[in-house]
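Coordinate analysis (summary)
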Amino acid sequence: MKFKIVSDSSSNILSFAGVPYTTVPLKIITNDREYIDDAALDVAGMVKGLRTVKGRTGTSCPNIYEWKNAMEDADAVFAITITSNLSGAHAAALQAKAELLAQYPEKKICVLDSLSTGPEMQLVIEKLATLINSGKSFEAIECEIREYMTHTHLIFCLESLANLARNGRVNPVVAKVAGVLGIRIVGVASERGTLELLHKPRGGEKALCTVLEVMQRYGYQGGAVRVAHCNNEVGATKLAAKIRAVYPAAEIKIIPTTALCSFYAEEGGLMIGYEDI
Ligand code: X90
């Protein structure tokens, strides 16, 4: 049985060794061009270009056809999407599953709603790869991954909510109260898969301490951590050092955001996925 993992590009993981894997891209759209969130894109160039762009900018999720294409060449598929409460990606993946099953009833397809994005999806993808490579059945993997997902969380530390607010992904009243520009915001992915803004720490150092405090408050006790950053490797590395100072055995990986997360987390943004086990 050929297994495959399919993720949308909001996971920031565009390739994955050791297991069949593919991503379906989200897109960033400006008045005069479209950036496709795939391995061919120069993300730094996009971020730079967006600084001076005039007019509306937005995003669009993968369509049913793209999901079907990505899922079609395997017998057993685990697809994972960005939260269904902020994007149509999940609905499109579910529709792709329904259409494929109508055509190939013997296929097995599980579509997981991360209720999150970025590095929390990364943790789930890594766990899926381990489960698939351990030779477990599709049903056993589905059961284990759903359980694992109750133990993963996402925290973010952003320097701007402008793109989120402009595109209706944070409550405009909340965004306004938080101060759309120039103030750091620490928050979490809520249980419903929406942004929950918690703190406005003053200064970068304070912000990193707040991130660790919030992680601990939400169950962190030394498990795996994935940090995705938009042009902020320094901040990500400092955060990793703070975590290791308290939990020396923590397994931490740092990766850059690709296009979708770069657009919404914006320059300086950090997204932290972690396990509470
Ligand atoms: O369908 C689309 O066009 C994509 C919409 C995506 C909207 C939100 C992306 C947020 C990315 C921000 C920090 C973490 C948020 C946690 C959310 C549960 C990054």
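All residue numbers refer to position in the chain's written sequence, counted from 1. With the structure being a predicted model, the display of local features is reserved for residues of pLDDT at least 70 and the display and counting of side-chain atom pairs for 80 or more, all residues being used for whole-chain, interface and lining totals. Processing note: side-chain calculations cover all non-hydrogen atoms of the structure and skip hydrogens and water entirely.

1. Here's the deal with the overall build of the protein chain
Using the following cut-off: Numbering goes from the N terminus for both helices and strands, where a helix is a DSSP run of H or I of at least four residues and a strand is a run of E of at least two. Residue exposure (1.4 Å probe, protein chains only): buried if accessible area is under 20% of the type maximum, exposed if over 50%, otherwise partly exposed. When checking whether two residues touch, look at their non-hydrogen atoms; a contact exists if any pair is within 4.5 Å. Note on areas: these come from Shrake-Rupley sampling with a 1.4 Å probe, and a residue is covered only by the protein chains present in the view. Charge counting follows a simple rule: Lys and Arg are positive, Asp and Glu are negative, and His as well as the terminal groups are ignored. Taken as the charge location is NZ of Lys, CZ of Arg, CG of Asp or CD of Glu.
From N to C terminus, the protein chain includes ten helices and 13 strands. Within the protein chain, the proportion of its 277 residues that are buried is 53%. A separation of at least 24 residues holds for 74% of the contacts in the protein chain among residues at least 6 apart in sequence. Surface summary for the protein chain: the accessible area is close to 12100 Å², and the carbon and sulfur share equals 54%. Of the charged side chains in the protein chain, 29 are positive and 30 negative, and the gap between their average positions amounts to 6 Å.

2. Thoughts on the pattern of salt bridges
Rules: Each salt bridge in this description consists of a side-chain nitrogen of Lys or Arg and a carboxyl oxygen of Asp or Glu lying within 4 Å of one another.
Inspection of every chain in the model, using the stated rule, returns 15 salt bridges. A salt bridge links Lys 4 to Asp 73; the nearest nitrogen and oxygen atoms lie 2.9 Å apart. One end of the pair, Lys 4, is in strand 1 (residues 3-8); the other, Asp 73, is in the loop between helix 2 (64-71) and strand 6 (76-81), and 69 residues separate them in sequence. Taking the relative accessible area as the measure of exposure, Asp 73 reaches 45% and is therefore partly exposed. With a closest N to O distance of 3.5 Å, Lys 242 and Glu 205 form a salt bridge. Here the residue Lys 242 occupies a position in helix 9 (residues 233-246), and Glu 205 occupies one in helix 8 (residues 204-217), the gap between them amounting to 37 residues.

3. Some remarks on the sheet that holds strand 2 (residues 21-24)
Our working rule: Strand pairing follows a simple DSSP-based rule, namely that at least 2 bridges must link the two strands. Note on geometry: axes are lines fitted to C-alpha atoms, helical ones only across the stretch in contact, with angles between N-to-C directions running from 0 to 180 degrees.
Pairing within the open sheet is parallel, and its four strands lie in the order 2-1-6-7. Strand pairing shows two members of the sheet lacking a second neighbour, strand 2 and strand 7 (108-113), which therefore form its edges. Across this sheet, the average inter-strand angle for adjacent strands is 20°, counted without regard to direction. By the bridge criterion, six bridges tie strand 6 to strand 7 in an arrangement that is parallel. Counted as the bridge partner of Val 77 is Ile 109 from strand 7. Against the sheet, helix 5 (residues 138-148) touches strand 1, strand 6 and strand 7, its axis set at about 5° to strand 7.

4. Brief notes about the domain arrangement of the protein chain
This is how it is decided: What counts as a domain boundary in this text is fixed by an automatic or database domain assignment. Once two parts are put together, the accessible area they lose, assessed with a 1.4 Å probe and summed over both, is termed the buried area. N or O atoms closer than or at 3.5 Å make up a polar contact, with two conditions inside protein: a donor-capable atom paired with an acceptor-capable one, and, for residues adjacent in sequence, both atoms drawn from side chains.
In terms of domains, the protein chain is made up of domain 1 (3-150) and domain 2 (151-275). On the domain 2 side, the residues contacting the 36 residues of domain 1 number 37 residues. Between domain 1 and domain 2 the total buried area reaches about 2900 Å² when both faces are included, carbon and sulfur atoms providing 58% of it. Taken as a group, Asn 12, Leu 86 and Pro 119 account for 21% of the area that domain 1 buries against domain 2, more than any other trio of residues on that side. Joining domain 1 to domain 2, the criterion identifies three salt bridges. Note that Glu 126 is salt-bridged to Lys 253, the shortest N-O span being 3.9 Å. Where domain 1 packs against domain 2, one counts 21 residue pairs in polar contact (both at pLDDT 80 or more).

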